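Breakdown of the fold
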Amino acid sequence: MARRWVWGLLIATGAGLAGIAILPAIIEWQGTRLIRESLSPTAHLDVVHLGLGGSTFSIGEEGPEGRRIGRIDLAYSIGQGVSARLDLDIPVAGLLPDGVDAPDAVLKTAGAVEPLEGWRWRFVPDDCVTLTARRIVLGNATVTRPESLCLKPVPSRDFLVFDLAEGWHTAFQARSVTLAAEMPDLKIVGSLPEATVEATFTIGGDLTALDAGWRKAKVNLPGQEIAGDGFSGNLSIDGAADRPLKADYAIATIASGHDPAFFAPMKLSGTADGSLDREIAFDALLTDRSGKVSMALKGRHDLSTGAGQAGLRLKPTLFGAEAAQFAALFPVTRQWIGEFAGTVGIRARTAWGQGAGPGKAEILLKDLAIDAGAVTAQGINAVVTADRLSPLRLPDGQTISVALMDAGVPLTDGEIRFGVRGDRLSVAKAEWNWAGGKLRAAPFEVGMGDDDRTIVLEAQDVDLRQLLSLAAVDGLSASGTLRGSLPVHLSPDAVSIENGRLETTGPGTLRYDPDDPPSFLAGDPGSSTDMLLQALTDFRYEGISLSVDGQAGGEMTLSFAIRGSNPSFYDGHPVALNLNVGGALDTILRRGIATYRIPSAVRQRMMEFQDQDK
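In this report, the structure presented in the accompanying data block is examined. Each chain carries its own residue numbering, running from 1 in the direction its sequence is written. Residues qualify for local features only when their pLDDT is at least 70, as the model is predicted, and side-chain atom pairs are given and counted only at 80 or more; totals for whole chains, interfaces and linings, by contrast, use all residues. Just so you know, side-chain values use all the structure's heavy atoms and leave hydrogens and water out.

**Structural notes on the state of the cysteines**
Two cysteine sulfurs form a disulfide in these notes if their separation is within 2.5 Å. Going through the model one piece at a time under the given rule, you end up with 1 disulfide. The disulfide partner of Cys 128 is Cys 150, and the gap between their sulfur atoms is 1.7 Å. One quick way to see it: the torsion about the S-S bond of Cys 128 and Cys 150 is about -70 degrees, and its sign makes the bridge left-handed. Placement of the pair is Cys 128 in the loop between strand E7 (120-125) and strand E8 (129-132) and Cys 150 in strand E11 (residues 148-153), with a sequence separation of 22 residues. Relative accessible area decides the class of each residue, using a 1.4 Å probe on protein chains only: under 20% of the type maximum gives buried, over 50% gives exposed, and in between gives partly exposed. Classification of Cys 128 by relative accessible area gives partly exposed; the value is 22%. Where helices and strands are cited, they refer to DSSP runs of H or I of at least four residues and of E of at least two residues respectively, numbered from the N terminus.

**Focus on the side chain of Asp 163**
Locating Asp 163 in the fold gives a position in strand E12 (residues 160-163). The class for Asp 163 is buried, based on a relative accessible area of 14%. N or O atoms within 3.5 Å of each other form a polar contact, as long as, within protein, one can give a hydrogen and the other can take it, and as long as residues adjacent in sequence are counted only when both atoms are side-chain atoms. There is a polar contact of 2.8 Å between the side chain of Asp 163 and the backbone nitrogen of Ala 165. Those residues within four positions of Asp 163 in sequence are excluded, and the remaining contacts are Trp 119, Arg 120 and Ile 203. Residues count as neighbours in contact if any of their non-hydrogen atoms are within 4.5 Å of one another.

**Side note on the environment of Val 462**
As for its position among the elements, Val 462 is in strand E31 (residues 453-463). Not counting the four nearest positions on each side in its chain, Val 462 is found in contact with Trp 434, Ala 435, Gly 437, Lys 438, Leu 467, Gly 480, Thr 481 and Leu 482.

**Some thoughts on the pattern of salt bridges**
Definition used for salt bridges: Asp or Glu carboxyl oxygen within 4 Å of a side-chain nitrogen of Lys or Arg. All told, the structure shown has 22 salt bridges when counted by the stated rule. Arg 68 is the partner of Asp 87 in a salt bridge, and the nearest nitrogen-oxygen pair spans 3.8 Å. Here the residue Asp 87 occupies a position in strand E4 (residues 81-91), and Arg 68 occupies one in strand E3 (residues 68-77), the gap between them amounting to 19 residues. The salt bridge involving Asp 158 is made with Arg 122; its shortest N-O contact spans 3.3 Å. Here the residue Asp 158 occupies a position in the loop between E11 and E12, and Arg 122 occupies one in strand E7, the gap between them amounting to 36 residues. What makes Arg 122 partly exposed here is its relative accessible area of 27%. Linked through salt bridges whose partners overlap, the residues forming this network are Glu 114, Arg 122 and Asp 158.

This is the structure we're talking about:
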């Protein structure tokens with residue numbers, strides 16, 4: 001019996017010693033399998049030391065030149081539990097979520113693993129947990145900065161906690177980060193003073209929740225000369241939600257770096273929601289500093305394909321002296337526009353990525369007045385539609401009505417039909433009512449960048465009586481019609497009428513018989529002024545020709561050549577009268593604006609635009 005007991009003890013001792021002998025091999029086998037599944041397919045775990053109070057493990061790449069990935073020094077005891085010392089240089093490509101690629105990215109850290117209550121441990125880094133990467137690819141976006149990121153614990157929080165029941169929890173921050181990213185046709189650079197991230201993961205590493213915040217970042221678009229300052233926001237991810245990502249953000253100042261600036265400093269605020277592996281929807285509100293002008297932006301972006309679309313809307317907004325200042329909002333326009341008053345509304349939609357359409361836009365112009373120096377216009381009304389934004393295309397048939405346009409000669413009741421393709425403007429119709437007749441331009445096409453051009457306006461059926469009645473000169477009346485042409489020359493510095501000529505279509509009458517003649521026409525009996533008044537009391541003209549020359553906004557010279565007679569003046573002897581008038585036509589024709597009415601087709605398009613904004 002005693003001998004059997006001794007043999008049993010020897011066999012048990014031998015089995016135990018054999019188990020201890022092969023334990024390192026089992027640890028290396030299973031440890032290598034786990035590391036290759038999670039970190040690197042060529043990684044290997046080696047047992048450096050295995051003892052009753054502690055163990056040391058080394059992780060590295062296979063091969064003679066395989067780099068060292070990490071070292072783990074374990075300490076364990078019944079009284080103190082399990083603790084460790086870590087020194088890691090880990091490739092992170094296999095740890096990233098789907099859709100994110102970071103070749104050669106490495107996480108490097110050293111620190112202590114300390115036991116907490118229950119089956120919980122925390123990692124306390126010695127200093128930075130450093131993440132380095134030459135680039136990070138996220139969909140069609142490539143992040144090239146920062147190449148190195150220093151992560152530190154959030155004050156009063158643990159950097160990393162592992163709970164055997166609940167998984168992983170981390171809280172860290174980064175400071176003074178340089179940013180750079182590129183997308184097709186877009187480059188982004190900037191800086192991030194501070195950002196914090198708090199996240200939880202399952203034991204297997206799946207993200208369950210994330211909260212991130214950033215403050216006072218700067219974001220620049222150098223290709224577009226646009227700079228954003230004071231970019232702050234918060235982002236959260238709930239792994240259990242259908243649309244797990246939610247964000248809110250704001251940019252304190254968005255400025256144009258162009259000189260002169262394309263737009264005044266603006267501010268932006270908005271929200272976003274969606275999924276990192278599917279689609280993100282976003283909306284934002286862009287406002288000027290006065291708060292009088294705001295534009296709403298709403299769209300979506302698919303991170304997996306890089307495709308998306310966005311809509312922009314400016315509700316009908318009043319501009320003017322007592323409202324929003326157009327030149328203050330768009331400083332670049334000061335070199336062309338002195339005055340801009342009236343109501344403007346915009347609806348636009350654009351898209352990007354595979355299958356993106358050309359974009360489209362509608363612009364409402366209501367009771368607009370513009371002073372562009374050489375050209376002034378009032379009562380501009382239209383809804384202009386673009387069916388392509390780049391290159392710009394406005395289909396033929398766009399219609400603008402203009403109550404008054406002064407382009408060398410003031411024109412009233414205008415209607416213009418046109419189209420734009422790229423940098424070419426084609427005008428199919430340009431017509432104005434003028435004293436019972438019409439002023440028309442033959443269809444023409446010009447380049448948007450052409451410095452000099454001449455547009456010939458043809459006058460037809462202009463009623464001489466109505467034309468002179470606009471002058472409101474007591475005792476002046478006439479009969480007959482006029483026709484002719486007015487060549488309007490447009491240059492970068494001026495708009496002028498050159499050698500314009502109007503003439504009557506046949507004989508008629510011209511009478512000037514005021515009850516109280518002006519002082520400059522008063523004269524002694526027999527004087528030249530007295531004889532002029534006598535001739536004009538009942539003048540029967542054979543023809544009147546009118547020459548027009550001058551510059552818009554400056555002096556306009558009208559030269560009248562009148563041929564005819566007065567039956568009661570010197571027995572109807574033929575008389576030739578030559579008169580020069582300066583600056584009168586501008587005043588005469590501006591009075592016609594009071595009778596202007598918006599064409600019904602234009603009015604209907606304006607009502608449709610405004611109804612959609614209610």
